[in-house]
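Topology and contacts: notes
The lines below spell out each chain.
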Amino acid sequence: MSHLDLTKIISSLNQAIKWMLGSGLFITSLLAFVSIIIEAGFKLPFHIVIIMHIWYFLCVTAFLFVILVRIIMKLFGRTEKRRILYSEYFLFVVISVLLTMNILIPAGQVSEVTFANVVTDVVFLRFSVILLFIIELSKKSLRFQRLDLNPALLFIGSFLLLILIGTALLMLPRATTEHLSILEALFTSTSAVCVTGLIVVDTATRFTHFGQLIILILIQVGGLGIMTFTTFFGFFFKGASSYQNTLFIKEFINESKISEILNTIIKVVVVTLVIEAIGAVFIYFSVADTFDTSQAVWYAVFHSISAFCNAGFSTMSNGLYEPIVRFQYGMQIIIACLIFFGSIGFPVIFDIYKSLKYYVVNKYLFLIKDKPYAHRGRHLTIHTKMVLATTAILLIVGFFVFYIAEYDNTLSELPWYGKFAGAVFGAVTPRTAGFNTVDMASLSAVVVLIYLFLMWIGASPGSTGGGLKTTTFAVAILNVLSISKQKDRIEIFRREITNESVRKAFSVVLLSLLVIGTSVVLVVLFNPDIPLLSVIFECFSAFSTVGLSLGITGDLSDASKVVIIITMFLGRVGTLTLLAALIASAKTQSYRYPSENVFVT
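Residues numbered from 1 in each chain as written. Predicted model: local features only at pLDDT ≥ 70, side-chain atom pairs only at ≥ 80, totals over all residues. Heavy atoms only, no water.

Turning our eyes to something else, we now look at helix H17 (residues 445–457). Taking 1.5 Å of rise per residue, 13 residues should cover 18 Å, and H17 covers 19 Å from first to last C-alpha, within 8% of that figure. Inspection of H17 places Val447, Val448, Ile450, Tyr451, Leu452, Leu454, Met455, Trp456 and Ile457 among the buried residues, and these make up the whole buried set. Of the surrounding secondary structure, the elements contacted by the buried residues of H17 are helix H15 (382–406), helix H16 (416–428), helix H18 (470–484), helix H19 (499–526) and helix H20 (532–543). (Helix = DSSP H or I, 4+ residues; strand = E, 2+ residues; numbered from the N terminus. Expected span 1.5 Å × (residues − 1). Buried < 20%, exposed > 50% of the residue type's maximum accessible area, 1.4 Å probe, protein only. Contact = heavy atoms within 4.5 Å.)

What follows is the structure, encoded as structure tokens:
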């Protein structure tokens, strides 16, 4: 072989490696990942399944080859633009070790595929492909954030994309027990991504475990936001993020310090997983005697995630009103706590943690180490105090109204502790959760009306819930009180609320009423036979992403279902966010016109 031929071969090999480093691995892993979904969702002929397994093996082999070549190039002093990530090293080592073990000790089981005299477990191949796809997707997502796009538009687009992907996945044959129409799949996907909980088909009977798993993933990703997850995995796998990425993601989280943005995202994901894991353990032990082990584990995991994300989905046909779990009062309190933690917002959780840590550390240093007390200034922020105060008032009012109004109604058959647990749960669940432990159709008119009010206010900013938000409602009320006192500013906890906050609050209030009012009119127009109060309740629940219903969701016409889908979506992404994405911002504000009063009575 001549020197020229060898040079061409090396050049071609370099080009192939560059392509694999750039887009090749991503495209290969994407196709393999799609193949896994197709294999899981369809009943395929055996020879097609074998071809897919071989494709998984080729994808993993391509990854091993590229990483091995890059390691060799690095050892021989060749510089590269892209460094090898720790996650890639980890995956390379794991795959290499397991492949070597399988070559030396072939298991010879039916669930394995043989190719080029290498025997490897198909489950392991699938896991490797999924992990490889996540790594490649995370790297691509960080590059995608560098594009000059409107953050609000990208935020809305990410939810739309997730809803469409969820719709397609829910229509897979193995995801359902019987055929699901496009509209039913779209409604379910939107309800899951927007963490609402309204359903037009029974989640327990119409979806298989695979379909319920899809719904659970949509709830988890939709609850925290797809941008949060992609940034988290991008940072986790890549180990760093550019300044441009950091500025971009700043638009999606409540963090003013640029240096703390990535740290905040990591804490959001970690806190979520920890709280959900703790909740799942408690729920499991509360229902361990009711279900067998596998059912209890699945029930606990599903309801823990659904509760913390304020989704309201359940694996039982009647939700928590199912006779087998209706009187599990301990489980109801656990789920109520998960709803509460999910609804108060991550900024509040972090702020409370900092204050408790500050208090405990100072007490330890003072009592044990005999050091002077270190003063840190203000412990809790105004935002945290407003959220906690407003939430406490709403929960107390909701508890007493529910307890008094339903004492001889839906709570009549329960013992005193059951009435207490039912009233606690009844006060918490309209905070955008959507679970119910009583017959919603039998609620008194007073409770229905107070539920409309609680659903409209909803959860707190920076949480997994929706609604008007507690701080928005508090600012609006404080502004009314300030005007009635003839004050030109809003003051609370010895602080003054900015005019920008006041303007946003009233904009959100007005837009929410416009959206809800429009949806009510349209649903009444398309379904004139349904009682008006039930329609109003449904539309409030959809916009506030609550999920509670008076039992009319399945009876809605196709046009009304589309209206509810749009209402859920607008309630999740936010009306102001939508306007910011569609309307161009002012080019300049370096001028002012003369001011003049307008008569307002």
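Our focus in this paragraph is the confidence of the model for the chain. Per-residue confidence for the chain gives a mean pLDDT of 80; residues scoring 70 or more make up 76%. Predicted confidence is poor over residues 107–120, with pLDDT under 50, and the contacts of this stretch with residues over four places away or in other chains come to 28 contacts. (pLDDT = per-residue confidence, 0-100.)

Quick look at the side chain of Asn310 now. Note on placement: Asn310 falls in the loop between helix H12 (293–308) and helix H13 (329–344). Of note is the side chain of Asn310, whose polar atom sits 2.8 Å from the side chain of Thr432. (Polar contact = N/O pair within 3.5 Å; in protein donor to acceptor, adjacent residues only side chain to side chain.)

Time to look at the packing of aromatic side chains. Following the criterion strictly, the structure yields 15 aromatic pairs and no others. Between Tyr284 and Phe285 the ring centres are 5.4 Å apart and the planes differ by 75°, which places this aromatic pair in the edge-to-face class. By relative accessible area, Phe285 is classed as exposed at 61%. Each residue in the set Phe399, Phe400, Tyr403, Tyr407 and Phe420 is aromatic and connected to the rest through ring pairs, giving one cluster. (Phe/Tyr/Trp six-rings, centres within 6.5 Å; stacked < 30°, edge-to-face > 60°.)

Time to look at the environment of Gly422. Within the secondary structure, Gly422 is located in helix H16. Counting along the chain gives 14 residues from Gly422 to Asn436, while the straight-line C-alpha distance between them is 9.2 Å. Ignoring anything within four residues of it in the chain, the contact list for Gly422 reads Gln332, Phe402 and Leu411.

Attention now goes to the nonpolar core. Counting residues in hydrophobic clusters, the biggest one holds 80 residues, and the most contacted among them are Ile215, Ile219, Phe402, Leu443, Tyr451, Phe537 and Ile564. Ranked by residues supplied to this core, first place goes to H17 with nine residues. Beyond its immediate stretch of four places on either side in the chain, Ile215 contacts Leu170, Thr188, Ala192, Thr203, Phe207, Phe302 and Phe313. With 31 residues, the next largest nonpolar core counts Ile275, Met316, Ile334 and Val387 among its residues. (Core = buried A, V, L, I, M, F, W, Y, C linked by side-chain atoms within 4.5 Å.)

The next thing to look at is the pattern of salt bridges. The final tally for this structure, using the stated rule, is six salt bridges. The partner of Glu491 in a salt bridge is Lys487, with the nearest N and O atoms 2.9 Å apart. Classification of Lys487 as partly exposed rests on a relative accessible area of 36%. Between Lys504 and Glu500 there is a salt bridge, with the nearest N and O atoms lying 3.5 Å from each other. Of the two residues, Lys504 and Glu500 both sit in helix H19, four residues apart, roughly one turn of that helix. (Salt bridge = Lys/Arg side-chain N within 4 Å of Asp/Glu carboxyl O.)

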